[in-house]
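Structural overview for review
Chain by chain, the residues:
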Amino acid sequence: MRAMFRAFVFAVLLTQLAVLAYAGDQPRCPDRPLPGDPVNNPLDLYSQNGTLSVDLLLQNALDVNGFMHYCYIYMYQGQQIEAPTLRVNPGDTLNVNLTNNLQAPYDQPGAKKKQPMHVHMTMSNSPADDCMGNEVLPSSTNIHFHGLNVPPVCHQDDVINTVIESGDPAFHYSIQIPANEPPGLYWIHPHAHGNTTTQVNGGASAALIVEGSNPLTQGLNERVLIIREQDKMGPARDPDANVQLTINFQPAIFPEGGLPPMITVQPGARESWRLLNATSKQFLALQLTYGFTLQDFEVLAIDGVQLTQPIFTNTLYVPPAGRVEFIIPGLPAGQTGTFSTLGYNTGPVGDANNPDELAKLTTSGAPLKTQAEAKHTVTPPRQPLRFSGLAGLTPTTTRRLYFSEQNVGTNGGTQFYITTYPAAPRLFHMDDPPMIVTNTGAVEDWTIENHSGEVHAFHIHQIHFLVMAINGVQVPNPDLQDTIIVPPWSGTGPYSSVTLRMDFRDPNIVGTFVFHCHILDHEDGGMMAKIQVNPSN
Amino acid sequence: MKKWLLALSVCSFLLSSVASSAANKSTSKSNKTKAPGTSPTLVITDDDNTFHNSLSFYQAGGTVGTPTLTFVSDTATIAQGIGGGFFGLPRVNMLPDASAQCVYASDAGTTDSDIAAVSLSTHLLAGRFTGSATDIGDANGIGIVVSPNYVYAAYTGSNTIATFAVQSGCQLMFIDDVAAAGLNGGSVAGMALHGNLLVVAYGDGSIESFDVSNGSPSSNGDAQNSTGFTTSRNIFFPEGVDITQDGRWAIFGDSSIATNVEVSDISSGHLTPTKLFTISGHGVRVGPGVNSGSIRLSPDQTMIFMGNSDGGSVAAAFFDTRSGKVSGGCTSPPLAGFYNPWAFVGSVVTRDTTGTGGVLYVAEYGFAGSYIGILNIASDGSTCTLTESSASEVPASLSDGLLSIAVYPPRSF
């Protein structure tokens with residue numbers, strides 16, 4: 001047995017050395033925080049004189065623990081900074097020059113992951129023009145400006161024809177932030193079909209904030225928190241067991257144990273938090289506990305759009321790609337708090353979303369004696385003009401769509417579909433014609449059904465929608481979102497569904513763009529379709 | 001680092017010790033199990049347990065109208081399964097003859113045993129056997145078919161088919177292995193054997209046959225994409241396979257958005273282009289069948305039963321052995337417990353060895369508990385009904401994810 005033990009230790013050491021040697025030949029990503037480190041905001045980059053120009057480098061590298069990082073790098077004072085927050089004002093111009101430096105290997109060596117059945121990626125020469133809709137290679141990338149209501153054209157927010165190859169010259173994005181863009185939290189991430197899961201799970205994502213004053217948050221300390229997910233290296237027959245959540249790149253502690261990410265607040269001080277779920281498949285059920293007491297979040301905005309009235313809730317459900325902005329109550333001096341996700345029931349055939357303790361809260365400094373309790377006295381911001389009156393409009397068209405899946409087994413080999421009635425499901429290809437064609441000025445009600453036993457997250461580019469009904473039950477005060485949970489079907493009775501009011505009135509969005517499930521391996525696997533918005537005559 | 005390694009090593013050692021101890025206890029218990037006195041009909045499961053795998057034996061009793069299913073015993077394989085994989089892959093199988101002495105079940109989760117052999121008369125473990133060091137089945141399981149002289153095992157991790165010679169006392173001797181990969185990169189997802197012809201479906205849209213007249217499989221050079229795969233723009237995938245008693249037709253159940261069957265004339269000893277029959281789905285409404293990954297001919301070959309893996313139901317169609325045509329049929333409602341607590345339909349087998357089979361047993365796969373569903377078959381030759389029995393569903397308590405079941409005495413082909 002001693003010999004067995006020695007052999008085991010030797011094998012583990014060899015594995016570690018192999019990983020180290022392997023990583024030594026690769027480009028590096030900036031070091032990420034260690035367990036127990038304080039949770040810091042990402043570096044803020046502010047627009048000046050109406051413009052924010054940023055040079056980003058996307059590259060990938062294995063870390064010493066075997067995680068493959070995909071990092072957006074910004075050079076700041078001679079240092080590589082990962083995933084800075086882009087802060088712009090309505091009406092500003094956002095310029096991003098993206099250099100693709102991705103190199104093989106593109107994923108963890110030896111890992112077996114639940115894969116969609118048909119994601120075809122083959123090697124070929126790099127194309128000369130990144131706007132031509134060329135074949136997506138394993139090293140291809142692009143950027144989706146998630147949530148922004150901007151044109152779906154190349155060099156702006158196009159993911160259909162924009163394919164940036166490794167080694168190409170820096171690709172220039174220039175986005176005119178609409179003057180009536182709702183102030184709030186948006187984000188950027190890669191969206192090259194077939195590569196999205198790998199690159200986003202590797203960490204390629206960053207917050208994008210459209211600034212705007214909100215009297216409810218004036219004077220409060222602001223935190224930008226990004227929950228990401230990373231897949232571990234190693235034998236991974238069950239991919240669900242090899243997922244680790246991070247908060248601002250710091251590993252959450254459960255089930256790993258060890259030191260928790262630490263958030264230190266001033267005693268008694270309320271804080272304004274902007275939280276992005278940048279995971280590929282984790283549905284968060286966020287809770288905050290002080291001592292043994294569950295706290296209420298004061299929710300101000302969802303998916304970048306301020307609510308007509310703040311909502312007070314002790315559990316926040318956030319789908320992949322969802323954003324929430326909220327105020328947390330002050331933590332009394334000497335107490336500790338726990339910020340966690342409860343886990344989520346993704347349905348009988350869904351991926352496990354386990355509970356996780358995301359961070360510990362402690363206090364430091366002098367207690368705050370007084371703080372304006374604005375929540376009951378300040379009038380909430382108005383609904384932005386951009387989507388005004390949407391709830392009262394009569395839809396010009398109604399449509400019925402459904403998510404469905406098809407499996408050859410329990411371990412993957414899955415086909416993912418999104419389909420419009422009465423058509424039969426078909427596999428999505430990037431060169432497919434649009435599934436839906438409409439005109440600017442249209443206001444449409446879409447009912448999205450779920451025919452599978454797995455939760456999905458519906459997302460549409462370029463616009464927000466009003467959530468009118470869930471499972472056929474009208475929502476009393478519809479909110480604007482760009483990503484929504486579509487609950488799993490129970491196996492009997494009517495299919496689960498959401499009914500959404502789509503706003504195609506903005507001529508800014510003329511063009512072809514996509515809607516899809518934002519569980520990213522579903523999207524990569526084909527649970528996506530195109531919509532073409534033509535100019536109205 | 002050293003402390004971390006030490007802790008990991010100790011944990012690993014303790015875990016393996018516990019596992020080994022538990023496995024030994026389980027084996028002891030199984031060895032004491034008495035064999036059934038007479039020859040009742042037995043339903044046998046490969047429990048595919050990821051910790052201690054086993055075969056479970058259930059006695060099929062009652063009548064056709066009121067069938068029962070009662071747990072009898074289990075036999076530990078002293079190895080591990082993987083708790084999942086392809087729907088149409090036969091993980092537990094025996095010679096299709098009432099004289100069968102042995103049942104073979106796969107253990108895809110361990111390297112020191114791939115196939116467990118169990119005596120049908122004593123239910124005792126007769127042996128554990130492995131293929132070559134490069135035969136790996138932990139991706140989606142190991143499929144097994146049995147001839148009088150050989151057992152063929154398809155490994156879904158290495159894309160190989162291993163040949164084992166059958167010896168006395170249910171013993172196997174590994175002979176060799178051959179590569180078996182689909183045209184589109186798939187691995188064997190379903191397989192059936194008739195005489196010297198081994199037919200496989202790769203789960204990627206392609207199918208192939210092998211000549212086993214010399215023992216080891218040799219490709220007939222007929223690998224091809226199925227008609228359903230081609231015409232559906234790559235969304236129908238032949239998966240489960242069955243072959244008629246006369247060896248004329250190979251029948252494939254498709255993983256698909258509907259209930260589809262494809263039939264190939266193999267009377268020449270080779271696969272010919274398949275003919276696609278849609279039993280239910282868009283435009284052909286027999287029932288809400290979704291997916292038909294597992295497939296089974298009735299003993300009299302007048303009916304084809306299909307597990308609607310993603311729809312939670314079972315479908316049946318009528319089959320004409322003269323023309324190879326598939327028509328009409330029926331679909332059960334979703335079976336009790338679909339999506340709560342179980343999630344997928346696995347293999348389907350008939351109880352009786354004559355007629356339509358009388359009763360269907362269905363593997364019901366669950367992440368948090370698996371079951372065996374029981375259905376009554378009623379057919380007048382042109383219409384049919386599949387009705388879930390009041391005795392359904394029976395817990396498969398030892399299973400980590402039940403996909404494969406067999407019946408003894410077996411169907412004769």
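Residues numbered from 1 in each chain as written. Chains lettered and ligands numbered in written order. Predicted model: local features only at pLDDT ≥ 70, side-chain atom pairs only at ≥ 80, totals over all residues. Heavy atoms only, no water.

Scanning chain A from terminus to terminus reveals three helices and 35 strands. Taking all 537 residues of chain A together, the buried fraction comes to 59%. (Helix = DSSP H or I, 4+ residues; strand = E, 2+ residues; numbered from the N terminus. Buried < 20%, exposed > 50% of the residue type's maximum accessible area, 1.4 Å probe, protein only.)

Paired through backbone hydrogen bonds, the strands of a sheet run either parallel or antiparallel to each other. Residue and element names in this part refer to chain B. Taking strand neighbours across the sheet as the criterion, the four strands line up as 8-9-10-11 in an open arrangement whose pairing is antiparallel. With partners counted over all chains shown, the strands left at the sheet margins are strand 8 (142–146) and strand 11 (172–179), one partner each. Put simply, the sheet's adjacent strands are angled 20° from each other on average, direction ignored. Here five bridges tie strand 8 to strand 9 (residues 150–155), and the two strands are oriented antiparallel to one another. Looking across to strand 9, one finds that Ile144 is bridged to Ala153. (Pairing = 2+ DSSP bridges. Axes fitted to C-alpha atoms, helices over the stretch in contact; angles between N-to-C directions.)

Turning our eyes to something else, we now look at the side chain of Arg270 of chain A. Residues and elements named next belong to chain A. Here Arg270 is to be found in the loop between strand 14 (262–265) and strand 15 (271–277). Arg270 gets classed as buried once you look at its relative accessible area, which sits at 6%. Within polar-contact distance, the side chain of Arg270 engages the side chain of Glu298 at 3.3 Å. (Polar contact = N/O pair within 3.5 Å; in protein donor to acceptor, adjacent residues only side chain to side chain.)

Okay, the sheet that holds strand 22 (residues 303–308) of chain B next. Residues and elements named next belong to chain B. In space, the four strands of this open sheet follow the order 21-22-23-24, with antiparallel pairing throughout. Of all strands in the sheet, those bounded by a partner on one side alone are strand 21 (294–297) and strand 24 (326–331). The mean inter-strand angle of the sheet, taken between neighbouring strand axes irrespective of direction, is 25°. Sheet topology places strand 23 (residues 313–319) next to strand 24; four bridges connect them, and they run antiparallel. Across the sheet, residue Phe319 finds its bridge partner in strand 24, namely Val326.

Residues and elements named next belong to chain B. For strand 12 (residues 190–194), a buried count of four out of five residues is recorded, marking the element as mostly surrounded by other parts of the structure. Where strand 12 meets strand 13 (residues 197–201), five bridges bridge the pair, whose relative direction is antiparallel. Looking across to strand 13, one finds that Ala192 is bridged to Val199.

All names here are of chain A. Burial runs high along strand 10 (residues 206–210): five of the five residues are buried. Here strand 10 shows a buried face lined by Ala206, Leu208 and Val210 and a second buried face lined by Ala207 and Ile209. Across three bridges, the pairing between strand 5 (residues 85–88) and strand 10 is parallel. Bridge pairing in strand 10 links Arg87 to Ile209. Bridge count between strand 9 (residues 184–189) and strand 10: five bridges; the pairing is antiparallel. Within strand 10, the residue paired with Ile188 across the bridge is Ala206.

Right, let's talk about the packing of aromatic side chains for a bit. All told, the structure shown has 28 aromatic pairs over all chains when counted by the stated rule. Ring centres of Phe297 of chain A and Phe326 of chain A lie 4.8 Å apart, and the angle between their planes is 70°; on these two criteria the pair is classed as edge-to-face. A residue pair is termed long-range when its members are at least 10 positions apart, and Phe297 of chain A in strand 18 (residues 297–302) and Phe326 of chain A in strand 21 (residues 323–328) qualify at 29 residues. Exposure class is identical for Phe297 of chain A and Phe326 of chain A. Each is buried. Here the aromatic rings of Phe344 of chain B and Tyr365 of chain B are separated by 6.1 Å at their centres, their planes lie at 45°, and the arrangement is tilted. Here Tyr365 of chain B lies in strand 26 (residues 359–365) and Phe344 of chain B lies in strand 25 (residues 344–350), a separation of 21 residues in the sequence. Both residues of the pair, Phe344 of chain B and Tyr365 of chain B, count as buried. If you follow Arg228 of chain A out to its NZ or CZ, it ends over the ring of Phe249 of chain A, 3.8 Å from the centre. Positioned over the ring face of Phe413 of chain B is Arg411 of chain B, at 3.8 Å from the centre of the ring. (Phe/Tyr/Trp six-rings, centres within 6.5 Å; stacked < 30°, edge-to-face > 60°. Lys NZ or Arg CZ within 6 Å of the ring centre and 35° of its normal.)

Let us now look at unusual backbone geometry. Of all residues except glycine, most have a negative phi; of all peptide bonds, most are trans. Here the amide bond leading from Tyr421 of chain A into Pro422 of chain A is cis, since omega sits at 0°, within 30 degrees of zero. Its place among the elements puts Pro422 of chain A in the loop between strand 25 (412–420) and strand 26 (436–439). For the peptide bond that leads from Ser392 of chain B to Glu393 of chain B, omega is 5°, which places it in the cis range. Here Glu393 of chain B is to be found in the loop between strand 28 (384–388) and strand 29 (394–396). Of note in the backbone geometry, Gln77 of chain A takes a positive phi value of approximately 50° without being a glycine. Within the secondary structure, Gln77 of chain A is located in the loop between strand 3 (68–76) and strand 4 (79–82).

This structure, assessed with the given rule, holds 23 salt bridges over all chains. Taking the shortest distance from any N to any O, the salt bridge between Lys281 of chain A and Glu229 of chain A comes out at 3.3 Å. Pair noted here: Lys281 of chain A is in the loop between strand 15 and strand 16 (284–290) and Glu229 of chain A is in strand 11 (residues 221–231), with a separation of 52 residues, a long-range link. Exposure remark for Lys281 of chain A: the relative accessible area of 9% places this residue in the buried category. Between Arg322 of chain B and Asp320 of chain B there is a salt bridge; the shortest N-O distance is 3.4 Å. Looking at Arg322 of chain B, the relative accessible area reads 67%, which means it is exposed. According to the relative accessible area criterion, Asp320 of chain B is partly exposed, its value standing at 24%. Counted as one network, the salt bridges with shared partners bring together Asp44, Arg87, Glu211, Glu222, Arg274 and Glu325 of chain A. (Salt bridge = Lys/Arg side-chain N within 4 Å of Asp/Glu carboxyl O.)

Moving on: the confidence of the model for chain A. Residue and element names in this part refer to chain A. With 85% of its residues at a pLDDT of 70 or more, chain A shows a mean pLDDT of 86. Contacts of residues 107–127 to residues separated by more than four positions or lying in other chains number 62 contacts, the stretch itself having pLDDT below 50. Of the regions scoring below 50 in pLDDT, residues 372–383 engages in 22 contacts with residues more than four places distant in sequence or in other chains. (pLDDT = per-residue confidence, 0-100. Contact = heavy atoms within 4.5 Å.)

Attention now goes to the state of the cysteines. Residue and element names in this part refer to chain A. What the rule picks out here adds up to four disulfides over all chains. The residue that forms a disulfide with Cys29 is Cys71, at a sulfur-sulfur distance of 1.9 Å. Where Cys29 bonds to Cys71 through sulfur, the torsion about that S-S bond is close to -80°, and the disulfide is left-handed. Of this pair, Cys29 sits in the loop between helix 1 (2–24) and strand 1 (44–46) while Cys71 sits in strand 3, placing them 42 residues apart in sequence. In this structure Cys71 comes out as buried when scored by relative accessible area, which is 0%. Disulfide pairing places Cys131 opposite Cys154 at an S-S distance of 2.0 Å. Its torsion about the S-S bond being -80°, the disulfide of Cys131 and Cys154 is classed as left-handed. (Disulfide = S-S within 2.5 Å.)

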